[in-house]
Amino acid sequence: MSGLCQQQGEVQLQTPRQARASGRLEALALRAFAANLNAPNAEMIWQLASHWSPLVTLLVFGLFLQAPFTQPSTITQPNFVLLLADDLGIGDVGCYGNDTIRTPNIDRLAKEGVKLTQHIAAAPLCTPSRAAFLTGRYPLRSGMDAINDYRVIFWNAGSGGLPPNETTFAKILQHQGYSTGLIGKWHQGVNCESRNDHCHHPLKHGFDYFYGMPFTLISDCQPTETPEMDRAFRRKLWLSTQMIGLITFTAVLGRLTGLISVPWKTLSCLAGFSLLFFISWFSSYGFVRYWNCIMMRNHGITEQPMVTDRTTSLILRESISFIERNKHKPFLLFLSFLHSHTPLLTTKEFLGRSRHGLYGDNVEEMDWMVGQVLDAIDKEGLKDTTLVYFASDHGGWLERQEGKRQLGGWNGIYKAGAVWKAHYVTPIFSPPGAGACYERGFCPCFGEGVTHHEPPLLFELSQDPSEAKALSADTEPLFDTVLRRIGRAIEEHRRTLTPVPEQLSVSNVVWKPWLQPCCGTFPFCWCDKEDTTAGFAASALEKFFLIQHVFPGEGREALPWRSQDEVNAFAHFFKQDWCLPITLYDMSHGFDNPSLEAKIRKPEVKRKVTTVFLQSYRNICLILCLFARTCVSNPSKPNFLLILADDLGIGDVGCYGNTTIRTPNIDGLAKDGVRLTQHIAAAAVCTPSRAAFLTGRYPIRSGMASSTQQQVLFWNGGSGGLPPNETTFAKILHQQGYSTALVGKWHMGVNCKTRHDHCHHPLNHGFDYFYGMPFTLVNECQDTDDPELAKSLQETYWFYTQMIILAVFTLVIGKLANLFPVKWKIIICLTICGLLHFISWFSSYGFTKYWNCILMRNHDITEQPMNLQKTTSNMLKEAITFIERNKHRPFLLFVSLLHVHTPLITTEKFQGRSRHGLYGDNVEEMDWMVGRLLDVINKEDLKNTTFIYFASDHGGFLEAHRGHSQLGGWNGIYKGGKGMGGWEGGIRVPGIVRWSGVLPAGTVIDEPTSLMDIYPTVVQLAGGAVPQDRHRVSTARAPAVDFLSCLVTLALSIRVMDGHTLVPLLQGTEQHSRHEFLFHYCGVFLHAVRWHQKDKAERNQNQKAHSRPSAPELPQQIPFTRFGTEESACLDYAPFAVFQGTSWFTPQCTRTGVW
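Residues numbered from 1 in each chain as written. Predicted model: local features only at pLDDT ≥ 70, side-chain atom pairs only at ≥ 80, totals over all residues. Heavy atoms only, no water.

Section: helix H11 (residues 357–379)
The condition is simple: In this description a helix means any DSSP run of H or I spanning at least four residues, a strand means any run of E spanning at least two, and both kinds are numbered starting from the N terminus. Expected helix span is taken as 1.5 Å per residue step, with the number of steps being one fewer than the number of residues.
Helix length check: H11, at 23 residues, gives a terminal C-alpha distance of 33 Å against a target of 33 Å (1.5 Å per residue), a fit within 8%. Following H11 by one or two positions, Gly381 adopts a phi angle in the positive range, close to 70°.

Below is the structure:
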């Protein structure tokens, strides 16, 4: 028999799909008996090994192996030597591909035995993995897992450990007459209730002899190393000490004063717990070495603290001595190495021998120890009667570094799940060789400005996040397999798309005078109400107070009203009664209405107001004290503060690697919450990305994706926008009783048919209150900057104007000359279209500021054009006021920042403060605004009840510049930026979530997530339900596109939710993203697809011979998404066409691209 192998720690068969990189054992080799099994029996035992855990398999060999041998009497019970390394990476051993670290003895073991390539640990950490190894059961079954951050045993003095009722393989072999010994690391606990009960000790688990560490090596064991446990552990211990101490102190005071009745026994227990946590915290300042770094022989301590210089020689001597002592009877030796765990204890003989620093030295010394053990077996003539097993408890520790030195292992090609990304179309950067479209503005989505790739560009983002080098069939064995899987996903995705009206079509984007919001008489639009307006809400509250208490009986007609909005607000407050925080005015500040001020200033009225104010204040205090729960927000419903920056690059924030722009508040938010490193926008430009954020659906589903080069809304006077039938998360939260508000940028359209229908307005999409820009910041808003819309629109508008005028002129001539019959109605319609395009072209020369740069409060325009000098303060004031106004009820506040979009409106206070010019100043001001919002949350005691989210709508705008000054953001290592299709720099954004007391602080999630995920997350936490008409359809593979399938899809009118709730991922109950595929659109054109390969099934299926798989079995007709043109190419790996406008576009072509 040459050996046998199977995955570790299982009770059931584990498929390759379940293999995870972090748990993959670094090296495994098995050398067994020199005697040969006959073929039938060898096959039978191999089948048994494929279903049983490795240690159970060893027992089968040891106890029932007589029959297969030709001489059963010579070997009845084999010896077992189990060698387990600590933190060794699979890529650290020569027989697993490492050609720079020398491991001849382990390689010899593999050469003479059996090497397992898919050997899986039950956990990627020591304690649970070793528990599974010893018991043959998942650590969950024995209680050796954790639901908190303490996933391993942290103290010798802890009461946790491997339960005494668990049956280890050592117990079974001990009962079979084996001499059993454990040399080295234990890390399964020591005591339960007293210092000497040893309930978790190795001698309680079937081992006759133990010599080694009951704990594990840590940096604290070596005085010259930086303490390891101090960093994260000390803060938690001190916090626990403070909390328990405060509870104890409060309970004692209550007991002594007679306020509460608490037994002294309970107080004593609390005091004891507090003392234990205090001692643990105090111990972390230097006692760790004395309490954790000890050596034991059986139950006696031999070294405290251990002398690390001689540990290696002592462990090796004990191992060889155990073999020599027991050579005449069957034995089990479990040699649990301290190598190659940090602090990497290495003797002088091996220091500096390897090419990989201290870690390489440590691995080579461990290999030498393996060789010494094998030599001892050979010397005692036990080679043919001893089964030798070598493995590691889990994968290498990648994060372990000291300065720039890597102190952890290498896990080879394996990782926590590959992230593949295929680019079918990429924009052509201009000038050639540049990293952006500097000569074009926005990069185009189609036409001559893009490149079609056949086969597509394929990247593995976990290895190449900057998308620097595309893979090929020659460099990646899985190239065709991956593209085939992505092709199927595209087909499945296409089946979920249904035709909808395109909101960004030319007819919707073109400016229409009857839709232009206007304050005054069109076209003379101008106003500035911000100087005199304190807000309809505050004004209506004042009048509610006056009518109720100062002028009873006169009715609301006695007071002057500014607008219908104020009347509606008054009616809303009247219905709410006492459960609204009534805002009482300050008499020293006057009133915003002269007639009301004159009426209030009368002496008798002032006295009445003062009396009523005091009475009301007293009554409100009594009511709040007696019936507080009626006004306090439901604790099960958190508040939501969603902050979305504009054009912020992922590399512009400190917590994402920027060391020169100061963002302390955003960094603090990440430190106290969860940071998402693969947070993906649904589009690389504003309008479609924000539509996806609000609806949780790809913008192509709502019609918010364009089939033209105009990818965003360009006018407040356009008819396009977020359709009224779309259900935003604000609508659902509004139905759940939330107070909802949007402060800042909208950019989702305003009107449909008339100037005042407001069909796309925020108030029509679930927001109770809106203050901000219905459009977006553009250079025209600031007179000092070059016009922005003019550059991209003037030529387009002038071209369409000329074409339409030429068409009208031709039709008129033909009509008058009787050359062809044309109705005058058609000519008039064309003339109107030409006039609209002419007006749009003409408007781009100066009217943009008045028609696009406006501020609105609800449906009313407050500034036209907006005063940029006070915009920042106004936005911040409105956001803070909303929080203060709604602190006693659940609220949703969506702060859609105007920062950091050009023209980079920055107050004087922040100008010149950063090292990156105006852009850096603007980022730092934005961070200050975030800090102010967080301060208000803390001030109002809402920190633990508020879910806070910060992100950007897409990547930084690389092309934005003024002369030689860069005005756009930095996207870190990622290629591309805003408006560049599927390149990572345009869609990967910062994503931070904080919910103090609920979500673990300082967490980093490296799984793919999307801005669309916020929709189902917010809805779930608010107690709502995702709309049922947006269910997820079956993703079974569809037949080729045909007319019948289109009809079926249309008949079903399926509306799909593309976002997934982040709650399980944020709370740690799930470790992997629910997104398997993410589709990256540029307008309606699918440019790229991301596949999060969560397992290695397909990799394993195709690596056997390391040969290129056969060509993918894709449908013969796969037209590229080049809608409505004859430039469509039939590509083997191209995505499927979906629809254009309101109709399906399914061209027929052949594999050669001929129509």
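Structural notes on empty space enclosed by the protein
As a reminder of what qualifies: Using a 1 Å grid laid over the protein atoms alone, points where a 1.4 Å probe fits but cannot get out form a cavity; open sets with protein on both sides within 12 Å along at least 5 of 7 lines form a pocket; any residue with an atom within 4 Å of a point counts as lining. Grid points are joined across faces, edges and corners, and a volume is the space filled by probe spheres set on the points. Asp, Glu, Lys and Arg are counted as charged, while Ala, Val, Leu, Ile, Met, Phe, Trp, Tyr, Cys and Pro are counted as nonpolar; the rest, among them Gly, fall into the polar class.
A complete count under the given rule lists 13 cavities of 30 Å³ or more for this structure. Lining the largest cavity are 18 residues; nearest its centre among them are Thr871, Thr872, Met875, Leu898 and His899. Within the residue set of the lining of the largest cavity, elements represented by two or more residues are strand S19 (739–745), helix H25 (868–885), strand S23 (891–896) and helix H26 (917–939). Ranked by residue count, the leading element in the lining of the largest cavity is H25, at 4 residues. Of the residues that constitute the lining of the largest cavity, the class distribution is 11 nonpolar, 7 polar and no charged.

Some remarks on the environment of Pro444
Our working definition: Throughout, a contact is declared for two residues whenever any of their heavy atoms are within 4.5 Å.
Tracing the sequence through the fold places Pro444 in the loop between strand S12 (419–427) and strand S13 (450–460). Pro444 sits 535 residues away from Gly979 along the chain, and the two C-alpha atoms are 7.9 Å apart. Ignoring sequence-local partners within four residues, the contact set of Pro444 consists of Pro427, Gly449, Val450, Gln709, Cys1082 and His1087.

Details of the UniProt feature "transmembrane region" (unreviewed entry) in the chain
Threshold: UniProt positions are given in the numbering used here, feature names are shortened, and annotations may be inferred rather than shown by experiment.
Under the UniProt annotation, "transmembrane region" (unreviewed entry) lies at residues 243–264, 270–288, 797–818 and 824–847. Secondary structure across residues 243–264 comprises 73% helix and 0% strand; the distance between its end C-alpha atoms is 19 Å. Between the C-alpha atoms that bound residues 797–818 there is a distance of 31 Å. The span itself is 91% helix and 0% strand.

Focus on the pattern of salt bridges
Counted only if it meets this: By definition here, a salt bridge exists when the distance from a side-chain nitrogen of Lys or Arg to a carboxyl oxygen of Asp or Glu is within 4 Å. Classification of residues uses two cut-offs on accessible area relative to the type maximum, computed with a 1.4 Å probe and protein chains only: under 20% is buried, over 50% is exposed, and between them is partly exposed.
Scanning the model with the defined rule gives 25 salt bridges in all. Two residues, Arg662 and Glu924, come together in a salt bridge whose shortest N-O distance is 3.1 Å. Taken together, the residues span a long stretch of sequence, with Arg662 in the loop between strand S17 (639–645) and helix H18 (664–672) and Glu924 in helix H26 at a distance of 262 residues. The exposure class of Arg662 is partly exposed, given its relative accessible area of 45%. Judged by relative accessible area, which is 5%, Glu924 ranks as buried. One network of salt bridges, with partners in common, ties together Lys421, Glu467, Glu984, Arg988 and Arg1090.

Observations regarding the pairing of strand S9 (residues 386–392)
Here is the rule: Two strands form a pair only when DSSP identifies at least two bridges running between them.
Counted residue by residue, S9 has 7 buried out of 7 residues, so it is predominantly covered. Neither face of S9 is left uncovered, since the one carrying Thr386, Val388, Phe390 and Ser392 and the one carrying Leu387, Tyr389 and Ala391 both have all their residues buried. Across 7 bridges, strand S2 (residues 79–85) lies against S9 in parallel orientation. By the bridge assignment, Asn79 is partnered in S9 with Thr386.

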